[in-house]
Amino acid sequence: MGFTDNHDGSSVADATEGAVLARIFPRLPASDAAIVGPGDDSAVMSAPDTRYVVTTDMMVHGPDFRWAWSTPWQLGWKAAATNLSDVAAMGARPTGLVVALAVPESTPVTVLEEFSDGLREACVSLAPECGVVGGDLSVSATFTIAITAFGDLEERQPVLRSGARPGDVVAVSGRLGMASLGLDLLFSRGVDANGVPDASRARSVGEQHPELVGAQLTPQPPIGDGPLAAVAGATAMMDISDGLALDASRMARASHVTLAFESLLLGDDVDAALRGSEDHGLLACFPAGVELPGGFERIGMVSERGTDDVTCDGDALIVKGWDPYTEWDGAAG
């Protein structure tokens, strides 16, 4: 794992921006919605709905990923997947990505190629019609990824966080808590004796617990279930990125309701399901009686606004999830 492992050839400092882009572009996926793709000052994309969904997200070495734990391919996959999930959470179909990278001068160009391969494979697997339509490269002491994603509502209304109504069913698509359990394994066993992230130990942990570590490093968000939820009449929806409890509290406040979970519906590890972050599943509410689409499974009900945003088995939850301003310890690795 990491970009220092077994990479030959030139670094970013040895090549011009044009030379680097010439090696990256052929590896990137094309967008079916692109009228003019990479190569001009801006891309031109079709918008048959006349509206489009747009979102942006950053991944920074340190608070968001550790090179000792991630390969460039895994990082490219995750960067794409997390942005595609935000588009799907609006009920839209992802159509295009704009990718900006700021990397240290010592970064081998092969790292950017492998990152591009991971990004391409994520699009092919999770959102086949979506591709990269442009971006930018720069130099920075800290490896930084910024992605802007676009999506097509296909003449549907966007599904907002604010539409949940008392009596709605609360449902989730995607596995809860696995990504955080994988991260716990990396922090506890993917480090050396001094607590510094270690690539060989992380690789061993990944081989022993592929499902958990994979959920953290190469998440599989249910992108197709976003549009399916919109078609089925979802009243509210959002991506679960900072933990179910924290994200549900945001939906509850936006909708002026209480989301009431049932522990028996949250799996074997209820605490991980509630507190774990980076699941990148979809949390949605549906009118009672609606057949839940795709991979959605019921986890509770929406009730009238009470004193608590979120409850579990009737008890108020202490809302906690991932916050980079308070959770990051300043380490990298």
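The present account deals with the structure reproduced in this document. (Residues numbered from 1 in each chain as written. Predicted model: local features only at pLDDT ≥ 70, side-chain atom pairs only at ≥ 80, totals over all residues. Heavy atoms only, no water.)

What the four strands build is an open sheet, ordered β3-β6-β4-β5; its pairing is mixed. At either margin of the open sheet sits one strand with a lone partner, and together these are β3 (53-60) and β5 (131-139). Neighbour-to-neighbour, the strand axes of this sheet turn through a mean angle of 15 degrees, independent of strand direction. Helix-sheet contacts for helix α2 (residues 72-88) involve β3, β4 (93-103) and β6 (144-152), and the interaxial angle to β3 is about 145 degrees. (Pairing = 2+ DSSP bridges. Helix = DSSP H or I, 4+ residues; strand = E, 2+ residues; numbered from the N terminus. Axes fitted to C-alpha atoms, helices over the stretch in contact; angles between N-to-C directions. Contact = heavy atoms within 4.5 Å.)

Aromatic rings in a pair are described by how distant their centres are and how their planes are angled relative to each other. Applying the stated criterion to the full structure yields seven aromatic pairs. Between Phe65 and Trp67, the ring centres sit 5.4 Å apart and the planes meet at 85 degrees, which makes this aromatic pair edge-to-face. Among the residues examined, Phe65 registers a relative accessible area of 5% and is labelled buried. On the basis of relative accessibility, which here comes to 7%, the residue Trp67 falls in the buried class. Between Phe65 and Phe143 the ring centres are 6.2 Å apart and the planes differ by 90 degrees, which places this aromatic pair in the edge-to-face class. Linking Phe65 in the loop between β3 and α2 with Phe143 in the loop between β5 and β6, this pair joins segments that are 78 residues apart in sequence. Exposure class is identical for Phe65 and Phe143. Each is buried. One aromatic cluster is present, formed by Phe65, Trp67 and Phe143 through successive ring pairs. (Phe/Tyr/Trp six-rings, centres within 6.5 Å; stacked < 30°, edge-to-face > 60°. Buried < 20%, exposed > 50% of the residue type's maximum accessible area, 1.4 Å probe, protein only.)

If the charged atoms of two oppositely charged side chains come close together, the side chains can form a pair. Throughout the structure, instances matching the rule amount to 20 salt bridges. Salt-bridge contacts for Arg27 lead to Asp117; the nearest nitrogen and oxygen are separated by 2.9 Å. Highlighted residues: Arg27 in the loop between α1 (17-24) and β1 (34-36) and Asp117 in helix α3 (residues 109-126), separated in sequence by 90 residues. Accessibility expressed as a relative area gives 13% for Asp117, which makes it buried. Ionic contacts of the salt-bridge type, sharing partners, join the residues Arg23, Arg27, Glu113, Asp117, Arg120 and Glu121 into one network. (Salt bridge = Lys/Arg side-chain N within 4 Å of Asp/Glu carboxyl O.)

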